[in-house]
Amino acid sequence: MIFKEIDAARCPWCGEIYFESGETCADRTMKLCGNCNRRIIQSFAYNNREYIIIFIIAFILFLANVFIPVLYDHVAGIYLAPPAIYFLMNRRKFPLWRVGGLKEEEILGCADIHWYSIKNGGIGLPRLRLIDNMILPVCFLDEQGIPVSQTVCVRLHKKFTLFWKNTRIQLISEDLWKPDDTGRDPWGKAVKFVIFNKGQKIGEGKLKHITKGK
């Protein structure tokens, strides 16, 4: 099995692959996107419950080292190695978040995500390699498979599981999200969307809720 490389994190303002601007922010925890020069923050724990839980487990194991050394010696490596490997593999892909500005990411609705196998163009082990709240390019399709949108960037926010059921879809590319002459936007006309990585289709999402809501 040959895993495919995953795109680096995308800017939550412009949707482009993020690279750091040469300018600096007064607040060192923030960064400036080199594409749109807007302020962002990069965090693996922000709005990601699974990472918080992982850190809680690691902290419990640390306490076990203090109070139950024998237990720690037997289980620490087993439980700490997978999170450490996971963080090292995905450090460049930790989600980016908007800082400042009046416009929040619009919640379009929910969808069930199906990731393709490597044989069908997928990246390989997507449930382990794709991080919650990643921003990815998608294209919305109608029942005939005809595109009803341009390629736009969305944030995929799942529940705390390895499965991407009932994933919340948040719009990033507001400037490309245009209603038609009847006032219907792509979400209202589509039944699914396809997901891209490095210009190749790696999965698709079946829309569950046509009505937008927060």
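No experiment lies behind these values; they were computed from the predicted model shown. (Residues numbered from 1 in each chain as written. Predicted model: local features only at pLDDT ≥ 70, side-chain atom pairs only at ≥ 80, totals over all residues. Heavy atoms only, no water.)

## Concerning the overall build of the chain
On a plain count of helices and strands, the chain comes out with four helices and nine strands. Helices and strands appear in the chain in the N-to-C order β-β-α-α-β-β-α-β-β-β-α-β-β. Here the chain, with 214 residues, has 44% of them falling under the buried criterion. Within the chain, counting contacts between residues at least 6 apart in sequence, those at least 24 apart form 63% of the total. Taken as a whole, the chain presents about 12400 Å² of accessible surface, with 59% of it coming from carbon and sulfur. (Helix = DSSP H or I, 4+ residues; strand = E, 2+ residues; numbered from the N terminus. Buried < 20%, exposed > 50% of the residue type's maximum accessible area, 1.4 Å probe, protein only. Contact = heavy atoms within 4.5 Å. Areas by Shrake-Rupley, 256 points an atom, 1.4 Å probe, with all protein chains shown as cover.)

## Re the pattern of salt bridges
It is possible for side chains of opposite charge to pair when their charged atoms get near one another. By the definition in use, this model includes seven salt bridges. Here Arg 155 makes a salt bridge to Glu 105, at a shortest N to O gap of 2.7 Å. Here Arg 155 is found in strand β6 (residues 152-157), whereas its partner Glu 105 is found in the loop between β3 (96-98) and β4 (106-115), with 50 residues between them in sequence. Each of the two residues, Arg 155 as well as Glu 105, counts as buried. Beyond isolated ion pairs, a larger network of salt bridges with shared partners links Asp 7, Arg 10 and Lys 198. (Salt bridge = Lys/Arg side-chain N within 4 Å of Asp/Glu carboxyl O.)

## A look at the packing of aromatic side chains
If you walk through the whole model with that rule in mind, you get four aromatic pairs. The interplanar angle of 65 degrees and the centroid separation of 5.8 Å between the aromatic rings of Phe 140 and Trp 187 together place this pair among those described as edge-to-face. One end of the pair, Phe 140, is in strand β5 (residues 135-141); the other, Trp 187, is in helix α4 (residues 186-189), with 47 residues separating them in the sequence. The class of Trp 187 is buried, set by a relative accessible area of 0%. It is Arg 155 that lies over the ring of Trp 97; its NZ or CZ is 3.9 Å from the centre. (Phe/Tyr/Trp six-rings, centres within 6.5 Å; stacked < 30°, edge-to-face > 60°. Lys NZ or Arg CZ within 6 Å of the ring centre and 35° of its normal.)

## Quick notes on the confidence of the model for the chain
A residue-level look at the chain finds 72% of positions with pLDDT of 70 or above and a mean pLDDT of 82. Confidence, read as mean pLDDT per element, is least for helix α2 (residues 69-90) in the chain (59) and greatest for strand β8 (residues 192-197) (98). Predicted confidence for residues 210-214 stays below pLDDT 50, and this span has 15 contacts to residues more than four positions away or in other chains. (pLDDT = per-residue confidence, 0-100.)

## Some words on the sheet that holds β8
With antiparallel pairing, the six strands of this closed barrel are ordered in space as β4-β7-β6-β5-β8-β9. If you compare each strand with its neighbour and ignore which way they point, the axes differ by 45 degrees on average. For β6 and strand β7 (residues 167-171), the ladder comprises four bridges, and the chain directions are antiparallel. Residue pairing in the sheet places Val 154 in a bridge with Leu 171 of β7. (Pairing = 2+ DSSP bridges. Axes fitted to C-alpha atoms, helices over the stretch in contact; angles between N-to-C directions.)

## Some details on the side chain of Ser 21
Topologically, Ser 21 is positioned in the segment before β1 (31-32). Within the structure, the side chain of Ser 21 is placed 3.4 Å from the side chain of Asn 37, a separation counted as a polar contact. When sequence neighbours within four positions are dropped, the list of residues in contact with Ser 21 reads Leu 32, Cys 33, Gly 34 and Asn 37. (Polar contact = N/O pair within 3.5 Å; in protein donor to acceptor, adjacent residues only side chain to side chain.)

## Notes on the sheet that holds β3
Spatial ordering of the open sheet is given by β1-β2-β3, a layout of three strands whose pairing is antiparallel. Each edge of the sheet is formed by a strand with only one pairing partner; in this case those strands are β1 and β3. As paired strands, β1 and strand β2 (residues 39-42) are joined by two bridges and run antiparallel to one another. Looking at the pairing, Lys 31 lines up with Ile 40 of β2.

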